[in-house]
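# Close look at the chain arrangement
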Amino acid sequence: MSFENQLIDWRRELHQNPELSLQEVATTARIRDWLQSAAITLLPYDLKTGAVAEVGQGDKVVALRADIDALPIEEATGLAYRSGNPGVMHACGHDIHTSVILGAALLLKAREAELPGRVRILFQPAEENFGGAKTLIRAGALEGISAIFGMHNEPGMPVGSFATRGGAFYANVDRFAIKVQGKGAHAARPHEGQDAILLASQLVSALQSVASREVNTLDSVVLSVTRIQGGNTWNVLPENVELEGTLRTHRTEVQERVRTRVSEIAAGFARAFNASIEVTWYAGPTALVNDPEWAAFATRVADDAGYQTSTAALHMGGEDFAVYLQQIPGAFVSIGSESRFGLHHPGFNPDERLIAPAARYFAALAEKALQHL
Ligand SMILES: [Zn+2]
Ligand SMILES: [Zn+2]
């Protein structure tokens with residue numbers, strides 16, 4: 001079987017058998033089997049899911065990372081190799097990333113004697129719920145690594161295209177929950193209560209002014225209220241309303257300013273309406289910040305590999321790879337996958353022609369990075 005077809009076969013097998021974050025048991029077993037069948041050394045880290053392999057010898061170490069988890073989405077592509085696991089789908093293309101990095105591992109194995117160091121290959125669980133990078137770090141998988149590289153497929157870019165940027169790339173992700181407590185009453189006697197629904201709806205409007213009126217328009221910020229819940233019938237004013245949403249930013253100062261303003265506005269509303277409002281923040285991944293030199297290096301290698309390269313725009317999504325980049329310099333890159341439907345869509349269908357060239361690219365990138373160190 002050709003190299004291209006082997007990687008497509010593996011990708012389809014992963015695609016047909018998707019597993020959710022931290023449940024990637026069969027996926028891990030497959031990855032381990034494939035690596036072992038290529039005589040690639042598996043490192044004995046204590047991991048429930050995910051795998052770490054290594055190729056080469058010597059003191060210098062660079063890392064390649066693929067994420068391996070899927071999403072709780074019912075697939076609607078109608079493909080022959082669609083998910084056989086109801087309600088679970090590789091809708092973010094982590095099956096593609098895994099086959100790309102497996103391919104890079106095979107190519108590096110074939111050049112093992114020539115490599116001027118070691119390439120550690122990380123198959124990371126749980127990217128989607130943002131715990132996987134920490135799990136690998138805690139297990140010690142980052143020890144000795146001087147530079148780390150990873151990719152995400154980009155459905156809006158054609159196959160053969162490549163983009164990255166130095167500095168901030170993916171966003172700081174914050175989740176917030178707001179509890180509005182008013183006073184319940186008969187719907188016909190609102191003056192006896194404190195209408196939590198009216199208060200919550202005014203709060204939603206007021207929060208929109210933080211992003212549009214209190215942050216420099218040249219800074220990126222998104223504040224979305226995504227859930228609002230209160231009441232259970234037509235003739236009772238409920239006592240409580242819950243709001244939930246997300247804040248996305250690239251700069252810490254902007255993130256902190258918005259968080260502070262949301263709390264201040266909530267406190268002001270609570271006072272004005274004689275109600276109680278509680279805001280809770282849950283920190284997600286921090287902004288992904290590429291090392292400018294490694295981002296430029298990765299782009300030069302992509303140019304040499306024949307990719308159409310460009311500077312990536314800022315991305316408002318979150319990416320767990322950010323956690324590695326807080327400890328080790330490196331670069332995260334976008335590779336075109338040309339799907340009509342985007343990431344996390346039940347119809348997402350990336351173009352498999354990206355896989356083999358991307359595998360060759362990452363093998364070349366790892367080897368050149370070792371030479372460069
Ligand atoms: Zn995703
Ligand atoms: Zn993803």
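Residues numbered from 1 in each chain as written. Chains lettered and ligands numbered in written order. Predicted model: local features only at pLDDT ≥ 70, side-chain atom pairs only at ≥ 80, totals over all residues. Heavy atoms only, no water.

Attention now goes to the overall build of the chain. Counting its regular elements, the chain contains nine helices and 16 strands. The dimensions of the chain, computed from C-alpha atoms along their principal axes, are 80 × 40 × 40 Å. By the burial criterion, 52% of the 373 residues in the chain qualify as buried. Nonlocal contacts in the chain, meaning residues at least 24 apart in sequence, comprise 81% of its contacts between residues at least 6 apart. As presented, the chain carries roughly 16200 Å² of accessible surface, and 50% of it is formed by carbon and sulfur atoms. Here the chain contributes 32 positive and 42 negative side-chain charges, whose respective centroids are spaced 3 Å apart. (Helix = DSSP H or I, 4+ residues; strand = E, 2+ residues; numbered from the N terminus. Buried < 20%, exposed > 50% of the residue type's maximum accessible area, 1.4 Å probe, protein only. Contact = heavy atoms within 4.5 Å. Areas by Shrake-Rupley, 256 points an atom, 1.4 Å probe, with all protein chains shown as cover. Lys, Arg positive; Asp, Glu negative; His and termini not counted. Charge placed at Lys NZ, Arg CZ, Asp CG, Glu CD.)

Here the focus is the coordination of the zinc ion (ligand 2). Distances from the zinc ion (ligand 2) to its protein donors, namely C92 (SG), H94 (NE2) and H152 (NE2), fall within the range 2.1 to 2.3 Å. In this structure the zinc ion (ligand 1) is found 3.2 Å away from the zinc ion (ligand 2), and C92 serves as a bridging donor for the pair. With a gap of 58 residues between them, H94 in helix α3 (residues 94–110) and H152 in strand β5 (residues 147–154) connect regions that are remote in the sequence. H152 carries the same exposure label as H94, and that label is buried. (Donors = N, O, S within 2.8 Å, 3.2 Å for Na, K, Ca; no water.)

Moving on to the environment of F130. Residue placement: F130 occurs in the loop between β4 (118–124) and α4 (132–139). Residues F130 and G318, spaced 188 residues apart in sequence, show a C-alpha to C-alpha distance of 8.8 Å. In this structure F130 touches P285, G318, E319 and D320, once residues within four positions along its chain are discounted.

In this section: the packing of helix α2 (residues 25–37) against α3. Where α2 contacts α3, the two axes come as close as 11 Å, and the packing angle between them is 20°. It follows from the interaxial angle that α2 and α3 lie roughly parallel. Read as a crossing pair, α2 and α3 show a hand that is right-handed. Counting all contacts with α2, which are made through I31, W34 and L35, the residues of α3 involved are T98, L102 and A105. Residue composition of the contact of α2 with α3, by class: five nonpolar, one polar and no charged. (Axes fitted to C-alpha atoms, helices over the stretch in contact; angles between N-to-C directions. Parallel < 35°, antiparallel > 145°, perpendicular 65-115°, else oblique. Left-handed = near helix turned anticlockwise from the far one by under 90°. Nonpolar A, V, L, I, M, F, W, Y, C, P; charged D, E, K, R; others polar.)

What follows concerns the coordination of the zinc ion (ligand 1). Each protein donor to the zinc ion (ligand 1) is listed here as C92 (SG), E128 (OE), E128 (OE) and H344 (NE2); together their distances run 2.0 to 2.7 Å. One way to put it: the four donor atoms around the zinc ion (ligand 1) meet at angles of 53 to 150°, and that makes the site irregular. Counting along the primary sequence, the residues that act as donors to the zinc ion (ligand 1) give the motif C-x35-E-x215-H. Using a relative accessible area of 39% as the deciding quantity, one classes H344 as partly exposed. (Tetrahedral: all angles 85-135°; square planar, octahedral: opposite > 155°, others 65-115°.)

Here we take up the domain arrangement of the chain. When its domains are assigned, the chain resolves into domain 1 (3–168 + 287–372) and domain 2 (172–283). Each of domain 1 and domain 2 has a C-alpha centre, and these two points are 38 Å apart. With seven residues of domain 1 in contact, the opposing surface of domain 2 contributes eight residues. Surface buried jointly by domain 1 and domain 2 totals about 620 Å² across both partners, of which 68% is contributed by carbon and sulfur atoms. Among the residues domain 1 hides against domain 2, the three largest losses belong to A287, L314 and M316. Together they make up 71% of the total. (Domains from an automatic or database assignment. Buried area = accessible area lost by both parts, 1.4 Å probe.)

Moving on to the pattern of salt bridges. All chains considered together, the criterion is met by 23 salt bridges. The partner of E4 in a salt bridge is R360, and the shortest N-O contact between them spans 2.4 Å. In this pair, E4 sits in helix α1 (residues 3–16) while R360 sits in helix α9 (residues 355–372), placing the two residues 356 residues apart along the sequence. The partner of D95 in a salt bridge is R11, with the nearest N and O atoms 2.9 Å apart. Taken together, the residues span a long stretch of sequence, with D95 in helix α3 and R11 in helix α1 at a distance of 84 residues. Linked through salt bridges whose partners overlap, the residues forming this network are R11, R12, D95 and E352. (Salt bridge = Lys/Arg side-chain N within 4 Å of Asp/Glu carboxyl O.)

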